[in-house]
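# Descriptive analysis of the structure
Okay, here's what each chain looks like letter by letter:
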Amino acid sequence: MLVNSTEPTIDANLALALDALLTEQSVTRAAARLHTSPAAMSRTLARLRRTLQDPLLVRAGQTMVPTPRAQALRDEAATVVRRLEELLTPKGGVDPATLRTTFTLQAADLAGAALVPGLLRLVRQEAPGVSLRFRSEELEGGPALRDGRIDLEIGSIEHVDPETRVEELVTLRMAAAVRPGHPLTESTVTPARLAAAEHVAVSRRGRFTGPLDTALAEQNLRRRVTVVLPSHLAAMTLAAHSDVVCLVPTDPSGDAAPPLTDAATALGLRLLDIPLPLPPVSIGMAWHPRHAADGAHQWLRDAVRRTLGASGAGATAD
């Protein structure tokens, strides 16, 4: 036989009222404490009496005194109210020194190589209990952020889920990287000389063409791409030991853009201006909104900004 039953409704306001009444031992003072009227507080006291089946406060001359049950409930009611306040109060910033967690980041090889040394330095200095796991871009364009398989994606952010938060970190331009003594270093780089050189293209999808080919085609020129590699670091290594030209990102002003040019500098590559209008390259980071207010994740995002030298001025709202 089925028995219909209803669960009692839990009203957190009753806990607040009970704490105020047992602390103040006065309907008027309890009402003032909770910014309500004495009449409303009297009705709440009546409700508490029915719920707890105890008078709680009884008249003794001009004052009210607690019953034994009320005295037994006083400390417990105060504790419940404190816990409610803690539960419903926005948390402040996290102390990174107390973090004990692993962050999983996804980044292209060049962005990862540029990010890891500085980010690891910040981890050691500020959050020694944090570990970092970097994954390659095999999850790019999928639901990895939504599913929680990665905490932060860094690189050229494309094909993200609609709810994904995206922040631009730095905008760069492409330069031609060549070994010292390369023929292109002997005189001014022109579109024709650039097109005539041997090139290595970087594409995880195996593509031979890109924005540079579009710009050259407008000059009725076509470059010679003799090899396609999936990794910028591999392409730069090849350029350092041969006469191929590799494209690498640099600062739009013409200055070096560390740490993104650190690998090219370490390989001894020379960066030459490309005399053609190429679209800028935007490096950003993306995260799922469930991490937006999380203190640990906020520290991670700020650490990435500081490492890549970004101000975060173009950030979406956290």
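Residues numbered from 1 in each chain as written. Predicted model: local features only at pLDDT ≥ 70, side-chain atom pairs only at ≥ 80, totals over all residues. Heavy atoms only, no water.

## Side note on unusual backbone geometry
Here the phi dihedral of histidine 35 falls at roughly 55 degrees; this positive angle occurs in a residue that is not glycine. With respect to the helices and strands, the residue histidine 35 is situated in the loop between helix H2 (27-33) and helix H3 (38-52). For histidine 35, a relative accessible area of 76% corresponds to the exposed category. The backbone of glutamine 53 sits at a positive phi, close to 55 degrees, despite the residue not being glycine. You can see glutamine 53 is positioned in the loop between H3 and strand S1 (57-60). (Helix = DSSP H or I, 4+ residues; strand = E, 2+ residues; numbered from the N terminus. Buried < 20%, exposed > 50% of the residue type's maximum accessible area, 1.4 Å probe, protein only.)

## Details of the pattern of salt bridges
Counted under the stated rule, the structure contains 11 salt bridges. For arginine 33, the salt bridge goes to aspartate 19, with nearest N and O atoms at 3.4 Å. Taken together, the positions of arginine 33 in helix H2 and aspartate 19 in helix H1 (residues 12-24) put the pair 14 residues apart, joining distant regions of the chain. A salt bridge links arginine 33 to glutamate 24; the nearest nitrogen and oxygen atoms lie 3.5 Å apart. Given the relative accessible area of 24%, glutamate 24 is considered partly exposed. Taken together, the shared-partner salt bridges in this structure form one network comprising Asp19, Glu24, Arg29 and Arg33. (Salt bridge = Lys/Arg side-chain N within 4 Å of Asp/Glu carboxyl O.)

## Digging into the packing of helix H5 (residues 109-126) against helix H11 (residues 295-308)
Across the interface, H5 lies against H11 with an axial gap of 9 Å and an inter-helix angle of 125 degrees. Taken together, H5 and H11 sit at an angle that is classed as oblique. Remark: the crossing between H5 and H11 carries right-handed chirality. On H11, the residues touching Ala114, Leu115, Gly118, Leu119, Leu122, Val123 and Glu126 of H5 are Trp299, Ala303, Val304, Arg306, Thr307 and Leu308. Taken together, the residues of the contact of H5 with H11 break down into 9 nonpolar, 2 polar and 2 charged. (Axes fitted to C-alpha atoms, helices over the stretch in contact; angles between N-to-C directions. Parallel < 35°, antiparallel > 145°, perpendicular 65-115°, else oblique. Left-handed = near helix turned anticlockwise from the far one by under 90°. Contact = heavy atoms within 4.5 Å. Nonpolar A, V, L, I, M, F, W, Y, C, P; charged D, E, K, R; others polar.)

## Structural notes on the packing of aromatic side chains
The tally for this structure, following the rule as stated, stands at 0 aromatic pairs. Just above the ring of tryptophan 287 sits the side chain of arginine 301; from NZ or CZ to the centre is 4.4 Å. (Phe/Tyr/Trp six-rings, centres within 6.5 Å; stacked < 30°, edge-to-face > 60°. Lys NZ or Arg CZ within 6 Å of the ring centre and 35° of its normal.)

## Comments concerning the packing of H5 against helix H9 (residues 232-240)
Two measures define how a pair of helices packs: the angle their axes make with one another and the distance between the axes. Here H5 crosses H9 at 90 degrees, and the two axes come no closer than 7 Å. Judged by the inter-axis angle, H5 sits roughly perpendicular to H9. Across the interface between the two elements, Asp109, Leu110 and Ala113 from H5 touch His232, Leu233 and Met236 from H9. Residues belonging to the contact of H5 with H9 are distributed by class as follows: 4 nonpolar, 1 polar and 1 charged.

## Topic: the nonpolar core
With 23 residues, the main nonpolar core has Leu105, Leu152, Ile154 and Val304 as its most contacted residues. The element contributing the most residues to this core is H11, with 6 residues. If near-sequence neighbours (up to four positions away) are discounted, leucine 105 is found in contact with Leu115, Leu119, Leu132, Arg133, Phe134, Arg135, Leu152, Ile154 and Leu300. One finds Ala17, Ala31, Leu45 and Ala70 within the second-largest nonpolar core, a separate group that totals 18 residues. (Core = buried A, V, L, I, M, F, W, Y, C linked by side-chain atoms within 4.5 Å.)

## Examining H3
The terminal C-alpha atoms of H3 lie 21 Å apart, and with 15 residues this matches the ideal 21 Å at 1.5 Å per residue to within 8%. Those residues of H3 that fall on the buried side of the exposure criterion are Ala40, Met41, Leu45 and Leu48. In an axial view of H3, the angular spread of the buried residues amounts to 140 degrees, which keeps them on one side of the axis. When the buried face of H3 is taken as reference, the exposed residues oriented beyond 90 degrees from it are Arg43 and Arg50. Once H3 finishes, glutamine 53 follows within two positions and takes phi at roughly 55 degrees, a positive value. (Expected span 1.5 Å × (residues − 1). Arc of directions from axis to C-beta.)

## Things to note about H11
With 14 residues, H11 should reach 20 Å at 1.5 Å per residue; the first-to-last C-alpha distance of 20 Å fits that figure. Counting buried residues along H11, 11 of its 14 residues qualify, which places the element largely inside the surrounding structure. Along H11, the positions that sit buried rather than exposed are Gly295, Ala296, His297, Trp299, Leu300, Arg301, Ala303, Val304, Arg305, Thr307 and Leu308. Elements that come into contact with the buried residues of H11 comprise strand S3 (101-107), H5, strand S5 (152-155), strand S6 (165-178) and strand S11 (281-287). Backbone geometry just after H11 places glycine 309 at a positive phi near 75 degrees.

## Quick notes on the pairing of strand S9 (residues 246-250)
Burial of S9 is extensive: 5 of the 5 residues sit out of reach of the surface. Where burial is concerned, the two faces of S9 agree: the one with Cys246, Val248 and Thr250 and the one with Leu247 and Pro249 are both buried. In this structure, S6 lies alongside S9, joined through 5 bridges in antiparallel fashion. Bridge pairing in S9 links arginine 173 to threonine 250. (Pairing = 2+ DSSP bridges.)

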